[in-house]
Structures are given as structure tokens and as C-alpha cells.
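Reading the structure
This is what each chain is made of:
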Amino acid sequence: MNQTSTETLSVVVERELAHPPEKIWRALTQPQLIEEWLLKGDFKADVGHRFNLSADWGVVDCQVLVVEPNKSLAYTWAAYSLKSVVTWTLTPSSTGTHLRMEQTGFRPDQPQFYQGAQAGWPRFFANLEQVLARMD
Amino acid sequence: MPNTHEVLFRTLADPTRRALFERLCREGEQTVGALTARAGVSQPAVSKHLGVLKQAGLVRDRHEGRQTHYSAQLAALAPLIDWTRQMAGFWQSRFDQLEDLLKRMDQ
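To start, this report covers the structure provided alongside it. (Residues numbered from 1 in each chain as written. Chains lettered and ligands numbered in written order. Predicted model: local features only at pLDDT ≥ 70, side-chain atom pairs only at ≥ 80, totals over all residues.)

Section: the overall build of chain A
As a reminder, the rule being used: Under the DSSP-based scheme used, a helix requires at least four consecutive residues in state H or I and a strand at least two consecutive residues in state E, with every element numbered from the N terminus. With C-beta atoms placed from the backbone, a residue counts as buried when 20 or more other C-beta atoms lie within 10 Å of its own, as exposed when 12 or fewer do, and as partly exposed for counts between those limits. Think of it this way: build a C-beta for each residue from its backbone, and any pair within 7 Å is a contact.
Looking only at helices and strands, one finds three helices and seven strands in chain A. For chain A, the N- to C-terminal ordering of α and β elements is β-α-α-β-β-β-β-β-β-α. For chain A, buried positions account for 26% of its 136 residues. Sequence-distant contacts, at least 24 apart, represent 41% of the contacts inside chain A between residues at least 6 apart.

This is how it looks when you write it as C-alpha cells:
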């Protein structure tokens, strides 16, 4: 229990999809497709490319970190000064593709974690809660 | 709920206060004197920071003789843990939408 203050905040969502990696890669990297399932933005699969994703609860600032076509994609994900990294991993399986998403946030003991805390964090959570409530 | 977050993050945004809280998390209960010895600020300043942490529910105090002992209240960090829960919900729903899209897409 004592390691709570040094733990990395991490979210992992995995799913087995009955589609080939190449097709999923298109959905993850083509802006007009990204908009259909994630958020609207000017994504480009180039390392270093900066882009924004817009939602009705705010804007997510992103920068591409890793591009390995059909295998791996990673970008930073900063919303209301909370910085994290989103990593997608595609692994071919007998029925299609195993898709894994890991979002890793800064540890609570790192200063970046608290930047803009007063202004940003509470609103981010409040808005996110509203969005999640509407989605159910 | 947003109020709880605001108090928590504002309290921990101060580096001296955060350092005091982290020491209590790592090393367990300590007296004001022991905390002051390594805090790099005066005892009144340490006491003031501990008061703010107490207000936010992040520490608890216990009086024993003339000494006051402070300990970290890790349950108060729950909003940080909530972040993972909330983001997991967000991504689960996005995965659903991705699956719907894949069904509509051409090979």
C-alpha cells in the first residue's frame, strides 16, 4: 500500500479483433477513420508530428512517438496538463489481431503530474464523467 | 467530486508539502521535529504545511505527551486511482466504436 505515491498510473485495454492488422492499422492512423471511433484530429503517422484531438469536453495535445506500420503506434496524450503516453500494439492471431492499448501516466511524485492542477484537473474529470455517463 | 480533486491537487502542488507527504508515505508515522530536521524549512512552516495536508485529509495527527505524530492517509489518494478507472471506461467505449467501424470498413 505504501508504494501508492510512486506507482505509475497505467490503463490497459486489450481485445481480440476478427480483422487483419493492416485494416486495424488504417483505423488507427487515417484521420477520417480516427474521427469515427476516437476523436477528430489532424493525425499523421510521422514520428515527431504534433496533433490535436478535439472532444466536446476539451482538446487533447498529442505528439507521435513510435510508428511501426501494422505493429506498434505510440503518441503522447496531454489533456488539461495531465500528460500520458498511449501505446497501441497489434499482434496477429489465429482469428485476426490482438489489439492492446496501454496508457501510462506520470507518477504522482513527478512534478509534471501536478502542473496546472488547480485549473485543469478537476474540469477534466468532471467533463470526462459527463461524457462517460452519456455513453452508457 | 470535482471539489475533492481540486483540494487534493492544490494541496499537493506545493513541492515542500508534497515532499512531507511523500516522506510520511515512505517512512511511516513521524513527529513534527523529525520531519523538520530534514525538511529544509522552519518548524512553524512545517506545522503550517502539515495543517494544510490535514485539512485535505491527506494526513492524520496523534498527540502523545508533548509530541504530535503525523501519518499519511493513503485513502485520500483515491481520486488518483479513479483516473485509471475513468480512462479505462473511456477506452473500453472507444474499442467498441472501433469494432463497429472495422465491421463497416472494406478489407
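A word on the overall build of chain B
Looking only at helices and strands, chain B features five helices and three strands. For chain B, the α and β elements follow one another from N to C terminus as α-α-β-α-α-β-β-α. Every one of the 107 residues in chain B was classed for burial, and the buried ones make up 26%.

A look at the packing of helix α2 (residues 15–27) of chain B against helix α4 (residues 43–55) of chain B
Residues and elements named next belong to chain B. Cut-off, in case you're wondering: Note on method: axes are straight lines fitted to C-alpha atoms, helices fitted across the in-contact stretch only, with angles between N-to-C directions ranging 0 to 180 degrees. Orientation is classified from the angle alone, with under 35 degrees giving roughly parallel, over 145 giving roughly antiparallel, 65 to 115 giving roughly perpendicular, and any other angle giving oblique. Under this grouping Gly is polar, as are all residues other than the nonpolar Ala, Val, Leu, Ile, Met, Phe, Trp, Tyr, Cys and Pro and the charged Asp, Glu, Lys and Arg.
Their axes nearest at 10 Å, the elements α2 and α4 cross at an angle of 75°. Taken as axis vectors, α2 and α4 run roughly perpendicular relative to one another. For the pair formed by α2 and α4, the contact residues are Thr16, Arg17, Leu20 and Phe21 on the first element and Val46, His49, Leu50, Val52 and Leu53 on the second. Per-class residue counts for the contact of α2 with α4 are six nonpolar, two polar and one charged.

Thoughts on the sheet that holds strand β3 (residues 67–72) of chain B
Applied cut-off: For two strands to be treated as a pair, DSSP must find at least two bridges joining them.
Taken together, three strands build an open sheet; the order of strands is β1-β3-β2 (chain B) and the sheet is antiparallel. Pairing within the sheet leaves two strands with one partner each, and these edge strands are β1 (30–31) and β2 (59–64) of chain B.

So, α4(B)
The test is simple: By definition here, a helix of n residues has an expected span of 1.5 Å times n minus one.
When the terminal C-alpha atoms of α4(B) are compared, their 18 Å separation across 13 residues agrees well with the 18 Å that a helix rising 1.5 Å per residue should span. Remark: Gly57(B) follows α4(B) within two positions and exhibits a positive phi of approximately 80°.

Regarding the environment of Asp42(A)
Residue and element names in this part refer to chain A. Among the secondary structure elements, Asp42 is positioned in the loop between β2 (40–41) and β3 (50–55). For Asp42, a count of 13 C-beta atoms within 10 Å gives the class partly exposed. Those residues in contact with Asp42, other than ones at most four positions away along the chain, are Pro31, Phe51 and Asn52.

A few points about the environment of Val13(A)
Locating Val13(A) in the fold gives a position in strand β1 (residues 9–17). Put simply, Val13(A) and Arg100(A) are 87 residues apart on the chain and 5.9 Å apart in space, counted from C-alpha to C-alpha. The contacts of Val13(A), once residues within four sequence positions are left out, are Met101(A), Ala88(B), Trp91(B), Gln92(B) and Phe95(B).

Observations concerning helix α1 (residues 21–29) of chain A
Filter applied, for reference: Directions from the helix axis toward the C-beta atoms define the arc.
Looking at α1(A), one finds that the buried residues are Pro21(A), Ile24(A), Trp25(A), Ala27(A) and Leu28(A). The buried side chains of α1(A) occupy one side of the element, clustering within an arc of 160° when seen end-on.

A closer look at the nonpolar core
Definition in use: Definition of nonpolar core: a set of buried Ala, Val, Leu, Ile, Met, Phe, Trp, Tyr and Cys residues joined via C-beta atoms within 7 Å.
Formed by 17 residues in total, the largest nonpolar core has its most connected members in Leu20(B), Phe21(B), Leu24(B) and Val59(B). When contributions to this core are tallied by element, the ones reaching two or more residues are α1 (2–12), α2, α4 and β3 of chain B. With four residues, the single largest contributor to this core is α2(B). Those residues in contact with Leu20(B) that lie beyond four places of it in its chain are Leu35(B), Ala39(B), Val46(B), His49(B), Leu50(B) and Leu53(B). Counting 13 residues, the second-largest nonpolar core is a separate cluster that includes Leu38(A), Tyr75(A), Val86(A) and Met87(B).

Considering unusual backbone geometry
Phi at Asn70(A) takes a positive value of approximately 65°, unusual for a residue other than glycine. Relative to the elements of secondary structure, Asn70(A) occurs in the loop between β4 (58–68) and β5 (72–79).

Function cannot be inferred from these measures alone, as they are strictly geometric.
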